[in-house]
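Take a look at the letters that make up each chain.
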Amino acid sequence: MKKVFLISLSLVSIILSSCDNEDTTPDSKVSSTYVRNLPADTVTGFGPMGQPLGTTDHFTFFRFSDSSIVSLIDSASVKWDLGFRGSTIIVNSGTSGPGQASAFIYDGLFSALQEVPNGIVFKVDTASTYAIGKLWSTYNPAAMILSATPGKVIVIKTADAKYAKVEILSYYKNSPPNPNATQDLPRYYTFRYVLQTNGTKSFE
Amino acid sequence: MSYKTALCIFVLSWSLDSQAQFDTLNLKEITVTSTKSERSLSSIPMPFLLIPAQSIQAISAIRLQDILTEQVGLAIVPQVNGLGNGIQIQGLNPDYALILIDGEPIIGRYTGTLELNRFTTGNIRKIEIVKGPASSLYGSEALAGVVNIITDQGMLNKFNISSRLSSRNTWDNNLFGGIAKKKWNASAYINRFSTNGYDLSPEIYGQTVSPYSNYTINTKFQFNPSSNQEIKLSFRYFTEQQKNQYQIVSNVDSIRVEGSGQIIDWNFNPSYRYIFNSRFNLTTRCYVSKYQTSTKLHLQENNEIFYQDSFEQEFIRPEILSAFALNEKNKILFGIGYIAESVLSSRYGDRNKRDQYTKYGFIQHEFMPSARWNTVFGVRVDKNSTYATQFSPKLAAQYSINKNHSIKLSIGTGFKSPDFRQLYLNFINDAASYSVYGTEIVNAELKKLQSQGLLGAVYINLDEKNTIDAETSIAFNLGSNHRLSDYFHLDLNIFRNDLKGLIETQIVATTTSQKNIYSYTNLDRVFTSGLESNLHYKVNSMLDFSIGYQYLLAKDKDVIDQIKQGKIYGRDPVSLESYQIKKNNYFGLANRSRNQINFKINYHIPIIHVDAHCRFLYKGKFGLFNTSGNVSGVLVPPSDINSNGILDTYDSFVKGYLISNLTLGKKITKNLETQIGIENIANYRDPVHIPNLIGRNLFISLQYNFIKS
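The rules we used
- Residues numbered from 1 in each chain as written.
- Chains lettered and ligands numbered in written order.
- Predicted model: local features only at pLDDT ≥ 70, side-chain atom pairs only at ≥ 80, totals over all residues.
- Heavy atoms only, no water.
- Helix = DSSP H or I, 4+ residues; strand = E, 2+ residues; numbered from the N terminus.
- Rg over C-alpha atoms; globule rule 2.2 N^0.38 Å.
- Buried < 20%, exposed > 50% of the residue type's maximum accessible area, 1.4 Å probe, protein only.
- Contact = heavy atoms within 4.5 Å.
- Areas by Shrake-Rupley, 256 points an atom, 1.4 Å probe, with all protein chains shown as cover.
- Phe/Tyr/Trp six-rings, centres within 6.5 Å; stacked < 30°, edge-to-face > 60°.
- Lys NZ or Arg CZ within 6 Å of the ring centre and 35° of its normal.
- Arc of directions from axis to C-beta.
- Polar contact = N/O pair within 3.5 Å; in protein donor to acceptor, adjacent residues only side chain to side chain.

In this section: the overall build of chain B. A tally of regular secondary structure across chain B gives seven helices and 40 strands. The globule rule puts the C-alpha radius of gyration for 709 residues at 27 Å, and the 26 Å found for chain B is close to it. Reported as C-alpha extents along the three principal axes, the dimensions of chain B are approximately 75 × 60 × 50 Å. By the burial criterion, 56% of the 709 residues in chain B qualify as buried. Long-range contacts, defined as pairs at least 24 residues apart, comprise 63% of the intrachain contacts of chain B with a sequence gap of at least 6. By element, 57% of the accessible surface of chain B is carried by carbon and sulfur atoms, the whole surface being about 29700 Å².

Written out as structure tokens, the structure is:
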């Protein structure tokens, strides 16, 4: 009985808040942008011992400025801010890329983070640690489910010194309310972010 | 998958003395567990439960869990791996309950829990349960309490044979013979248990519990060469075989595997006692035990080995014990001993045995300043080769207000040493991209990876010895006993256990390929506290009632602190928004009901002379925050609805349930007795959350006593 799940690499559905009221956080003057089902080296299924099948080991590169996926060819460029592969997130800096992006993990609510706190230290990716890596997530070994840890906000300083706050919302395709390890496909990121384009630290 | 119901064969079950079993209000019973010296039950200054053989036989309990599950304040919980059951005392995990047979510790905590199905009740004379820590006498593991199974000594000439058949082709057969002479006595006992297992989700290939069978053999010999010398030998052997077949499902594939599991467990205990005079005696004994288990699974399609695992544990403990009474008011018990333990496991990365040695000594002073006061002070020191020395004091006192009312107070400490797994595990799970190393080997393994250039971030200092300490507790019990009339008894106890340094896994490093490496550390602090009450009303010699109730709170103190600091959040599964968790949202530790109620009626039906024992056992709602995924083949949504790893009011709970059991027993002739019964009358089942709850179970048993003197 072999069930093969064909994966259709669904394109990122980007809904700009200006188009859709539901996607705008009401208490925030700068609107949130939602990115849904960003594929991050997706799988075609799992082997008998749970090993992922059909992966390519390539990151999916994303940039905030126009909320788009950057082609793999540009991996060695400064055109991208974040890279996603499985549960690992990289920033374009240090050992991960030629860029100057850096990140900080803030504990608290996305809506409550109204400006980048003073004195925080943005980190770049190094050989031994990633600035973000898997710090956004919690793995439940019993359920074999990786969930986005509630109350974790990723604060990004992009290469052109703009600030963004990002909250990962789901790791599973179509963000099911109750992901199931044997049914739902992982490695599809849904997240929201606010990019402050005027260069200030405020997200208001 | 075979629900063969009990047809018409029988059982037997034991000698049912209908008078004795209704005499549960008798307080003259003698106990040894709580102080290692003979004390009358009514003078034990700590929470204590005694289950006599008659109570076990009256309900036809055949395995240890059958009888323990009906006691208030004890909960039988499934093991982490979903197979088998352990016992929770005062809301503490099964890992912290010490189980003894005739005062000697049982080994074989393969996954931390002692499987209660390993113990037959067929030759039990009584079970003594001390609630609260008893490390001052018993050392490691006696943190939540002690369950001491006291087996029949063969003090009488007797020969019993019994057989019981229950649903799912479950057979329990017993043979017991004892000879008692003036200077010696001997007994032999054989039990065979077999079952087709059960299947709570028949639509899935493979059973919830696969068929298994086991044998227990127990022989005892006692010889008194003179009136002041006593030589005892006892030997117990247990073996179990299980046939497994199941399906492993993943996204892409499902494969079927089958194989077998085996357990062999034996222990031998010679002892010699010399009685110098009525005030002073000395006992030496040497307890030896071995436990081994192995599992092998292969793929059904091509017989290729899919999984294998083995575990062997050895335990040797010589001990010298001396008891002396200074006078009527002061009794002293003193003991010293040595424990050598070793484990050989396929999960330690090689075929080397790991050893651990403990030297210990304890002293206990029982002081009875007046007829009203009863005090016990004890202390034990355990010096171990791998973890820090443990010092376990205990103080307990009882004050009799008058003939009918007394108050008890005890304060004690308990500990549980790090187990071999936490010290030596060497486990790499390639599929799930993580590995776990025990604390004794983690530095060496990480250095090895470092020299190969495979190590990324390191969160511990590799040049500093990585140690873990024992988990420790302080417990407080305050109780009272009230004889409101000759027929009406009430016992109350409030308890609080504060545990710290609970051993948890933590990330110690990541590899260059971002795989997490875990080891163990002393982290969590938890408490359990609650109230237990037992009310017993004997209407007349034919009828009595009892009601037991336990209220339990069990929480993680670090979680409480984090909530206070506003650091715990939840995520709404639909809106995907995060929100903050408030203090009153936190429910506590998983797998614990706040309310547990037992109601029991014993009735001797006149005219037909049948003893009816009717029990209603209620367990309130509880949470299991880490269930989810594919449990017994059923897709289950995660119960941790808001993904924060704690059990809070936003999560889904397992609802409370009631189990009703009825046993009827009748003495057909002087030697022949029969019982029939039905357990879980309403056939309540919850395969996903309570895999150890079997459906309705019918049984019939027959017992014949050839000689009884």
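Looking now at the overall build of chain A. Counting its secondary structure elements, chain A contains zero helices and 14 strands. A buried classification covers 50% of the 204 residues belonging to chain A. Considering only contacts in chain A between residues 6 or more positions apart, those separated by 24 or more positions represent 57%.

Evaluated as defined, the whole model comprises 39 aromatic pairs over all chains. Judged by centre distance (6.4 Å) and plane angle (50 degrees), the rings of Phe176(B) and Tyr189(B) are tilted. Placement of Phe176(B) in strand 11 (residues 170–180) and of Tyr189(B) in strand 12 (residues 184–195) is noted, with a sequence separation of 13 residues between them. When its relative accessible area of 6% is taken as the criterion, Phe176(B) is described as buried. Here the aromatic residues Phe62(A), Phe64(A), Phe84(A), Trp136(A), Tyr171(A), Tyr172(A), Tyr189(A), Phe191(A) and Tyr193(A) are joined through ring pairs into a cluster of three or more. Positioned over the ring face of Tyr188(A) is Lys173(A), at 5.4 Å from the centre of the ring. Its end group placed over the ring of Phe193(B), Arg63(B) keeps NZ or CZ at 4.8 Å from the ring centre.

To continue, consider helix 7 (residues 557–564) of chain B. Residue and element names in this part refer to chain B. Of all the residues in helix 7, the buried ones are Val-559, Ile-560 and Ile-563. Burial along helix 7 is one-sided: seen end-on, the buried residues are contained in an arc of 100 degrees. Each element contacted by the buried residues of helix 7 is listed here: strand 28 (516–538) and strand 29 (543–556). For helix 7, the capping residue at the N-terminal end is Asp-556, with a side-chain oxygen 2.8 Å from the backbone nitrogen of Asp-558. Among the residues trailing helix 7, Gly-566 stands out with phi positive, at a value near 70 degrees.

Everything listed here is a matter of geometry and, on its own, says nothing about what the molecule does.
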